[in-house]
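Observations on chain architecture
The lines below spell out each chain.
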Amino acid sequence: MNMNRTGMGVSDHAGATVCVERIVLDELKLDEVAQRQNEIQCSSIKEKICHSVRCSVGQWKIWILKWIPLLSWIPQYSVRENGLGDLVSGVSVGIMHLPQGMAYALLASVPPVFGLYTSFYPVLVYFIFGTSRHVSIGTFAVISIMIGSVSERLAPNDHFLTNGTNGSVVIDMEARDVQRVKVAAATTLLCGIFQVLLGLVRFGFVVTYLSEPLVRGYTTGAATHVITSQLKYMFGVSPRRFSGPLQLLYTLVELGRLLPQTHIATLMISLVALTALITVKEINSCYSRRLLLPVPIELMVIIAGTLVSHFADLRAVNGVDVVGEIPSGLVPPRVPEVGFFSSVVGDAFAVAVVGYAISISLGKTFALKHGYKVDSNQELVALGLSNTIGGFFQCYSVTSSMSRSLVQESTGGKTQVAGMISAVIVFITVLKLGSLFEQLPIAVLSSIVFVNLKGMFTQCQDIPALWRSSRVDLLVWLVTFLCTVLLNLDLGLAASIIFTLLTVIFRTQCPRYSLLGRVSDTELYLETESYKEAKAIPGITIFRSSAMIYYANAELYQEALLKKSGINVSKLLKLKKRKEEENAKKKQVNEKDKQTGVLRELANRMMVSMKNVSESVHCHGTDQECIINDSGIATVTQGNMNCSFQPEQDSEEEERDETDTHSSSCDGLQEHTHSIILDFSPVSFIDTVTLKTLKNIFQDFAEVDVTVYIAGCQVCVVQQLERGGFFSESISKSRLFPSIHDAVLHCLCQSQRDRSRSEFALDMPCVTRL
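Before going further, it helps to examine the overall build of the protein. Scanning the protein for helices and strands turns up 31 helices and 17 strands. Expressed as a percentage of the 770 residues in the protein, the buried residues total 46%. Taking the intrachain contacts of the protein between residues at least 6 apart in sequence as the baseline, contacts between residues at least 24 apart amount to 76%. For the protein, the exposed area adds up to about 40400 Å²; of that, 59% sits on carbon and sulfur atoms.

Before going further, it helps to spend a moment on unusual backbone geometry. If you check the backbone angles, Asn-488 has positive phi at about 80° while not being a glycine. Mapped onto the fold, Asn-488 is located in the loop between helix H22 (471–487) and helix H23 (489–509). Of note in this structure, Asp-521 is not a glycine but carries a positive phi near 65°. Within the fold, Asp-521 resides in the loop between strand E6 (513–519) and strand E7 (525–527).

Below, the discussion takes up the pattern of salt bridges. Any two side chains of opposite charge can pair, on the condition that their charged atoms come close. One pass over the full model with this rule turns up 17 salt bridges. A salt bridge links Asp-347 to Arg-153; the nearest nitrogen and oxygen atoms lie 3.1 Å apart. Residue Asp-347 is located in helix H15 (residues 341–370), and its partner Arg-153 is located in helix H8 (residues 141–154); the two are separated by 194 residues in the primary sequence. For Arg-153, a relative accessible area of 35% puts it in the partly exposed group. Here Glu-337 makes a salt bridge to Lys-182, at a shortest N to O gap of 3.2 Å. Of this pair, Glu-337 sits in the loop between helix H14 (314–317) and H15 while Lys-182 sits in helix H9 (residues 173–200), and the two are 155 residues apart along the sequence. Looking at Glu-337, the relative accessible area reads 36%, which means it is partly exposed.

Turning next to the side chain of Asn-82. Looking at the element boundaries, Asn-82 is found in helix H5 (residues 79–107). Given a relative accessible area of 13%, Asn-82 falls into the buried group. In this view, Asn-82 contacts Tyr-77, Lys-414 and Thr-415; residues no more than four positions away in its chain are not counted.

Burial of strand E9 (residues 539–545) is extensive: 6 of the 7 residues sit out of reach of the surface. Sheet analysis places E6 next to E9, joined by 3 bridges and oriented antiparallel. Considered in E9, the bridge of Ser-514 is made with Arg-544. In terms of strand pairing, E9 meets strand E14 (residues 673–679) through 6 bridges, oriented parallel. Bridge pairing links Phe-543 to Leu-678 in E14.

The predicted coordinates ought not to be read in detail in places where the model reports low pLDDT. Looking at the protein, the pLDDT average stands at 82 and 82% of residues meet or exceed 70. The low-confidence segment residues 647–671 (pLDDT under 50) makes 26 contacts with residues lying over four places distant or belonging to another chain. When the criterion is pLDDT under 50, residues 765–770 qualifies, and its contacts beyond four places in sequence or with other chains add up to 23 contacts.

In this section: the pairing of E6. Across the 7 residues of E6, 6 count as buried, placing the element largely inside the fold. With 3 bridges joining them, E6 and E7 adopt antiparallel strand pairing. Following the sheet pairing, Leu-516 is matched in E7 by Glu-527. Linking E6 to E7, which pair antiparallel, is a turn of 5 residues; within it Asp-521 sits at a positive phi near 65°. For E6 and strand E8 (residues 534–535), the ladder comprises 2 bridges, and the chain directions are antiparallel. Each bridged residue has a counterpart across the sheet, and for Arg-518 the counterpart in E8 is Lys-535.

This paragraph deals with the side chain of Glu-254. Looking at where Glu-254 falls in the secondary structure, it is placed in helix H11 (residues 247–258). A polar contact of 3.2 Å, which involves the side chain of Glu-254, links it to the side chain of Arg-240.

Its 30 residues give H15 an end-to-end C-alpha distance of 40 Å, which sits within 8% of 44 Å, the value for a rise of 1.5 Å per residue. Bending of H15 peaks at approximately 35° at the position of Asp-347. One or two steps after H15, the chain reaches Gly-371, where phi turns positive at roughly 75°.

What follows is about a nonpolar patch on the surface. Residues Ile-193, Leu-197, Leu-200, Val-201, Phe-203, Phe-205, Tyr-209 and Leu-501 make up a contiguous nonpolar surface patch of roughly 720 Å² in combined accessible area. Ranked by residue count, the leading element in the nonpolar patch is H9, at 3 residues. A relative accessible area of 31% means that Phe-203 is categorised as partly exposed.

Thresholds applied
- Residues numbered from 1 in each chain as written.
- Predicted model: local features only at pLDDT ≥ 70, side-chain atom pairs only at ≥ 80, totals over all residues.
- Heavy atoms only, no water.
- Helix = DSSP H or I, 4+ residues; strand = E, 2+ residues; numbered from the N terminus.
- Buried < 20%, exposed > 50% of the residue type's maximum accessible area, 1.4 Å probe, protein only.
- Contact = heavy atoms within 4.5 Å.
- Areas by Shrake-Rupley, 256 points an atom, 1.4 Å probe, with all protein chains shown as cover.
- Salt bridge = Lys/Arg side-chain N within 4 Å of Asp/Glu carboxyl O.
- Pairing = 2+ DSSP bridges.
- pLDDT = per-residue confidence, 0-100.
- Polar contact = N/O pair within 3.5 Å; in protein donor to acceptor, adjacent residues only side chain to side chain.
- Expected span 1.5 Å × (residues − 1).
- Bend = angle between axes of the 7 residues up to and from the residue.
- Patch = residues over 30% accessible without salt bridge, like charges linked within 9 Å, V, L, I, M, F, W, Y side chains within 5 Å.

Dropping the structure here:
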């Protein structure tokens, strides 16, 4: 082939043709032609540190704008373009914050007013440090129930039992709530610290280990826990608290046992609230395009429930549980009790990861839809600062809410200003209007939580879609859901992540191994099982694995190669060894034959002359006697020597037949396969186990006269092979080729030289036409 000529002919669309002529390139020639750089200039760690701490004015400006995004976009804020939309959106989301904040506080096992605090402080912090323009930070059902499980575990009702009137035992609710607020604040602070530290070390990619099926299955399972936790408020019963695995099943059994004790007034309030909420929310969904704003049914139900409870005195007359005292104003900051850190460290890390996963997934969804970028590491820092600062104000952990974020986006919100306006609505409520909701029945808040989880349970529609698209992802979804439901939230998350990683490992250990064939008149090599026009090249086996090769599947790769190539190396080695032993024996026999050569020659002459004699003949000489019988065996006696011989021609034929029998499988196979090409295009790195496996493959096939080549090897893999000492006198870099086509052409040329079989080369033109 000639490298000096490269021609291209192009015609319309489907008729376009390309013609390229060049020499066959192996790795050595490629390094020379492409002028590979042995050392790529990279900044040292010292240079990177010096660059990052450089204190120039420009560097400080970049650093400040990066870590405080508010300063980069607020000077460019256009009131004319964004003001009205942000105002309407902020008011709408603020109205949603009020009922959801108080309702989700029940999930966190803290008084409702702390849900309002959680809807205020963290929202202001995210307004300063966040990069997403449409997410609504605040309370969220899944995070609330995770915090509630920690609060109830470290501050259970049993620790606050006191003696009441008439010798009864009652729970000191005030002391219990104070302790649970401390636990929630400590968990939130530690969660925020985890998130800030992970963001500072650029660890935002950690959420990539939480696949979408895992997150959706986990949130659906958590929603099941939320529903179960609210049933006691809706039925007005007081079940025992269970912890550990299967706690949800035990709770359901306990609730079933207490059904005869259902508080009728509380149940009626719950049913009425549920009916109103479901009906109006369906109307909002059906007429969302016609309605300027969704009907704030949650706020309307809270106001109606409060008024009915106040004027009917439901607490005193019917014994309905109500919210109780809501202090007006804001509480001063207070350092959370760090003594709880050792008890909540695992829960705090789980909350940090799950909260960030939910927030960043929503943020990226809206960013993709509206054409802007969300910094994943900055989002981690912003969420961490929201939780850290919120922990000092007795807030519990926050994340983005799907329902509020959708309202914020659909009502015209365009920037983070909408979040600040919603915080102002909550601030006014906490200062002046909080005490008005003291008579609100808790059953109303539970009904709000119940209805708002509809979106979580609609995720069950993923099951038929995953069944059609990916059974493995479906298995991840189902296992995550079941683990979350049965093992509780923390153990369920850990088990789900482990199972997801195991599915990845399992798929790398069971990849698709295939043989490739060439499509006629092209340089394309495709799977022979999938493409009819992909024809195997005689004498050459091209092998590909769909997964990368590493220590967990290196041995499986070697076994699959032996199976697909049809070459039984161990059997061929045994046959080769046997043949060598037979050759050695034959050599010994030949040496013995030299000593009796004269006698053999004499016997053969006499047998030829007496071939048609049917009975024994005696030949007498001076000192020799030869006897030949009907079976063709000659006995020659000379002095004291007595030797028996068979005809030499028959012996040679039998010996040749035996040799052919032993070597037919070896030589016959060698006529078919003389080269093996390993397609390394899926390989991104080489570990020590893979390196040893490759050496064994090259050595084993070399012993049966089959040459192994590697094609499509990336430069980083070549460098790792060099550092690992893979190349030697027996395995040179000329065994590596940049493409399968180069390797095939080399094999055909080599086979033509070695065996003078040019018919293969004729079918493989050096000029490739597409």
